[in-house]
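# A structural walkthrough
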Amino acid sequence: MGYEIRLENFTGPFDLLCHLIKEAKLDICAVSLAQVVDQYLAYVEAAAGQADLDAAGDFLVMAARLLVLKARVLLPSSQPASEGGEEEDPEQLVDHLREYKIFRDAAAKLAGLMEKEADYFPAPGLSSADVGATKADLPDVNIDPAALAAAWAKMAPLFRPPPPVTIIPDRPTVQEEIKRLMRRLRQVPALEFRQYVGRRARPTRLVPAFLAVLELWHREKVRVWQAVRFGEIIIARREDGQCTASR
Amino acid sequence: MHSESVTALLEALLFAAGRPLTIKELANAAGLSLEDTELGLEELRRTLADARRGLVLREVAGGVQLFTRPEFAPYVRRLLQPAERPRLSQAALETLAIIAYRQPITRQEIEAVRGVRVDQVLFTLEERGLITEVGRKDAPGRPVLYGTTPAFLRSLGLASLKDLPPLPEVGATKDAGPA
């Protein structure tokens, strides 16, 4: 290496390859790729210590692909697609590099356009502050103050503060629900979940009650089933292996 | 209206707008037909160029806009002392080029071309307002599709994506084969 080149100066393995091929004054093809493999490896090796591993990873993957390619080019007799079919055709890598090169060149052209465009300063235009508020800032209705007052008079009663309500905290715990459910099941052999919690139960009651059912089922204290999908959940007491509920 | 005053009127509107105006917007504001507006714009463009005035009329991002003449850029810079925008990195430029020519495109597709991860670069480009999410690909995982923005066209001085520098044919290189 005549001068130091750092991996960070390249945007990726393809960028480095383009650079090497250009340096060697070659065209992009499998043979020229094979010719620059050693230089490529030298760069990656030299940079392996300094570059961050994340970036180096992509370069290493390419190194592996290049070695396969070189082997293919040097030993064309060991022709393609032996068994696995895993290995790529050298032409695939070449095509990929050509495609990349097209966009790399296009990027340079775009950069050139941007550079040129920076010399054009657009007419700044007038801000809303210069001309007063623009129409977009104004509602497009004519508001008559009297009509506004009348409208408010109609609406005002709706905005009276609501009468105070007392909120009674009622949050049964799962523990309490388990006790309560077991008490009920001592009275009846089986019951519907809906019947247990009541038709109008709130989520604060439903959730602990349902968790209680799951817990009791887990402890094998109850049997739980539904007659049909999305049907009522039926909870039955279970007494030491003897099933009260059939089926 | 006299054609000279049409030209002057259009100039006034473009000056006041300070952004690309479509022919339609101009025609509406000026109370002219689309044809008369286009003729007027052509006249304005010629007048500005012939008299070597300080402003030029250009077509950008789907509209027309007035700009200072590029030869005077050094002087405008001396006056305004604009902060230099950090230039886009090579990696960002490559990614932007791929998106510009292949949009709409997913992150994975860009990475396939560049051979490296591009998430950081995409973030930068999106932050600069040059690209944006344009939808989701109808593929597993519904990946985000990226495309360029009007700001991209403006920063390159292009009227539309059709004015991007043409790419050499990708397929044509296939026949070249190994030497």
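Residues take numbers from 1 onward in each chain, read along the sequence in its written order. Here chains are named by letter from A upward and ligands by number from 1 upward, in the order in which they appear as written. Whole-chain, interface and lining totals are the exception, using all residues; otherwise, since this is a predicted model, local features are given only for residues with pLDDT of at least 70 and side-chain atom pairs are given and counted only at 80 or more. Water and hydrogen atoms were dropped before computing side-chain values, which therefore reflect all heavy atoms in the structure.

## A short note on the overall build of chain A
Where helices and strands are cited, they refer to DSSP runs of H or I of at least four residues and of E of at least two residues respectively, numbered from the N terminus. For chain A, the helix and strand inventory stands at 9 helices and 4 strands. Reading the secondary structure of chain A in the N-to-C direction produces α-α-α-α-α-α-α-β-α-α-β-β-β. Using a 1.4 Å probe on the protein chains alone, a residue whose accessible area is under 20% of its type maximum counts as buried, one over 50% counts as exposed, and one in between counts as partly exposed. Going through the 247 residues of chain A one by one, you find that 31% of them count as buried. We call two residues in contact whenever any of their non-hydrogen atoms come within 4.5 Å of each other. Nonlocal contacts in chain A, meaning residues at least 24 apart in sequence, comprise 55% of its contacts between residues at least 6 apart.

## Description of the pattern of salt bridges
Once the charged atoms of two side chains with opposite charge are near each other, the side chains can pair. Residue and element names in this part refer to chain A. Any carboxyl oxygen of Asp or Glu that lies within 4 Å of a side-chain nitrogen of Lys or Arg is treated as forming a salt bridge with it. Taken as a whole, this structure holds 20 salt bridges over all chains when the rule is applied. Residues R219 and E215 are paired through a salt bridge, measuring 3.0 Å at the closest nitrogen-oxygen approach. Residue classification places R219 among the partly exposed residues on the basis of a relative accessible area of 41%. The network of salt bridges with common partners includes E177, R180 and R205.

## Section: the packing of helix α2 (residues 23-30) of chain B against helix α3 (residues 34-50) of chain B
Helix packing for two helices is described by the angle between their axes and how far apart those axes are. Residue and element names in this part refer to chain B. Axis lines are fitted through C-alpha atoms, for helices just across the contact stretch, and the angle between N-to-C directions can take any value from 0 to 180 degrees. Two elements in contact, α2 and α3, have axes whose closest approach is 9 Å; the angle formed by their N-to-C orientations is 105 degrees. Classified by the angle between their axes, α2 and α3 sit roughly perpendicular to one another. The residues of α3 that touch α2, namely those facing I23, K24, L26 and A27, are L34, T37, E38 and L41. Each angle receives one of four descriptions, namely roughly parallel if under 35 degrees, roughly antiparallel if over 145, roughly perpendicular if within 65 to 115, and oblique otherwise.

## Overview of the packing of helix α6 (residues 107-114) of chain B against helix α7 (residues 119-127) of chain B
Residues and elements named next belong to chain B. It is the contact of α6 with α7, at a shortest axis distance of 11 Å, that shows an interaxial angle of 115 degrees. Our pair here, α6 against α7, has a crossing hand that is right-handed. Every residue of α7 that contacts α6 at R107, I110, E111 and R114 is listed here: D119, V121 and L122. In the contact of α6 with α7, the residues fall into 3 nonpolar, no polar and 4 charged. The hand of a helix crossing depends on one turn: near helix anticlockwise from the far one by less than a right angle means left-handed, and clockwise means right-handed. Residue polarity follows a fixed list, in which Ala, Val, Leu, Ile, Met, Phe, Trp, Tyr, Cys and Pro are nonpolar, Asp, Glu, Lys and Arg are charged, and the others, Gly among them, are polar.

## Some thoughts on the pairing of strand β5 (residues 144-148) of chain B
Residue and element names in this part refer to chain B. Within β5, 5 of the 5 residues are buried, which leaves it mostly tucked inside the rest of the structure. Burial of β5 is two-sided: the residues V144, Y146 and T148 facing one way and the residues L145 and G147 facing the other way are all buried. In terms of strand pairing, strand β3 (residues 105-106) meets β5 through 2 bridges, oriented antiparallel. Bridging from a neighbouring strand, I105 pairs with Y146 of β5. Strands are labelled as partners when DSSP assigns at least two bridges between them. Note that strand β4 (residues 131-136) and β5 share 5 bridges and pair antiparallel. Paired with I131 across the strands is T148, a residue of β5.

## Brief notes about the sheet that holds β4(B)
The strands making up a sheet associate through hydrogen bonds between their backbones, and the pairing can be parallel or antiparallel. Residues and elements named next belong to chain B. What the 3 strands build is an open sheet, ordered β3-β5-β4; its pairing is antiparallel. With partners counted over all chains shown, the strands left at the sheet margins are β3 and β4, one partner each. Contacting β4 and β5, α7 runs over the sheet at an angle of about 110 degrees to β4.

## A short note on the interface of chain B and chain A
Taken together, the 52 residues of chain B in the interface contact 35 residues of chain A. Accessible area that two parts lose when put together, with a 1.4 Å probe and added across both, is what the buried area reports. Where chain B abuts chain A, roughly 3,700 Å² becomes buried across the two surfaces, and 66% of that area is made up of carbon and sulfur atoms. Along the contact surface separating chain B from chain A lie 4 salt bridges. For this analysis, a polar contact is any N or O atom pair within 3.5 Å, provided that within protein one partner can donate a hydrogen and the other can accept it, and provided that sequence-adjacent residues contribute only side-chain to side-chain pairs. The tally of links from chain B across to chain A stands at 11 residue pairs in polar contact (both at pLDDT 80 or more). Residue assignment for the side of chain B that touches chain A shows that the elements contributing at least two residues are α1 (3-17), β1 (55-60), β2 (63-68), α4 (73-80), α5 (90-102), α6 and α8 (150-156) of chain B. Here the side of chain B that touches chain A takes 9 residues from α5(B), the largest share from any one element. When the residues that make up the side of chain B that touches chain A are grouped by side-chain class, the tally is 33 nonpolar, 9 polar and 10 charged.

## Thoughts on the confidence of the model for chain A
In this model, chain A carries an average pLDDT of 79, and 78% of its residues clear a pLDDT of 70 or more. Confidence drops under pLDDT 50 across residues 241-247 of chain A; counting only partners more than four residues distant or on other chains, this segment forms 10 contacts. Residue-level confidence of the predictor, termed pLDDT, takes values from 0 up to 100.

## Things to note about a negative patch on the surface
Residue and element names in this part refer to chain B. A contiguous patch of negative charge on the surface is contributed by E35, D36, E38, E59 and D163. Top element by residues in the negative patch is α3. It accounts for 3 residues. Mapped onto the elements, E59 comes out in strand β1. Each patch is built from residues lacking any salt bridge and having more than 30% relative accessible area; the joining distance is 9 Å for like charges and 5 Å for nonpolar side chains (Val, Leu, Ile, Met, Phe, Trp, Tyr). To be clear on the numbers: accessible area is Shrake-Rupley with a 1.4 Å probe, and residue cover counts the displayed protein chains and nothing else. In summary, the charge assignment counts Lys and Arg as positive and Asp and Glu as negative, without counting His or the chain termini. The atoms used to mark charge sites are NZ of Lys, CZ of Arg, CG of Asp and CD of Glu.

## A few points about the environment of L13(B)
Residues and elements named next belong to chain B. Relative to the elements of secondary structure, L13 occurs in helix α1. Look at L13 and you get partly exposed, because its relative accessible area is 22%. Here the alpha-carbon distance between L13 and L26, two residues 13 residues apart in the chain, equals 7.4 Å. Non-local contacts of L13, meaning those with residues more than four positions away in its chain, are made with L21, L26, A29 and A30.

## Regarding the packing of aromatic side chains
Given two aromatic rings, one states the distance between the centres and the angle between the planes to describe the pair. Only the six-membered ring of Trp is used, alongside the rings of Phe and Tyr, when aromatic pairs are assigned; centres must lie within 6.5 Å, and planes under 30 degrees apart are stacked while those over 60 apart are edge-to-face, with the rest tilted. Across all of its chains, the model carries 4 aromatic pairs over all chains by this definition. Here the aromatic rings of Y120(A) and F67(B) are separated by 5.9 Å at their centres, their planes lie at 80 degrees, and the arrangement is edge-to-face. In this pair, Y120(A) is assigned in the loop between α4 (90-117) and α5 (128-131) and F67(B) in strand β2, connecting two distinct chains. Exposure remark for F67(B): the relative accessible area of 4% places this residue in the buried category. Lying across the ring of Y120(A), R58(B) places its NZ or CZ 3.5 Å from the centre. We count a charge as sitting over a ring when the NZ of a lysine or the CZ of an arginine lies within 6 Å of the ring centre and within 35 degrees of the ring normal. Seen from the ring of F67(B), R58(B) lies directly overhead, with NZ or CZ sitting 4.7 Å from the centre.

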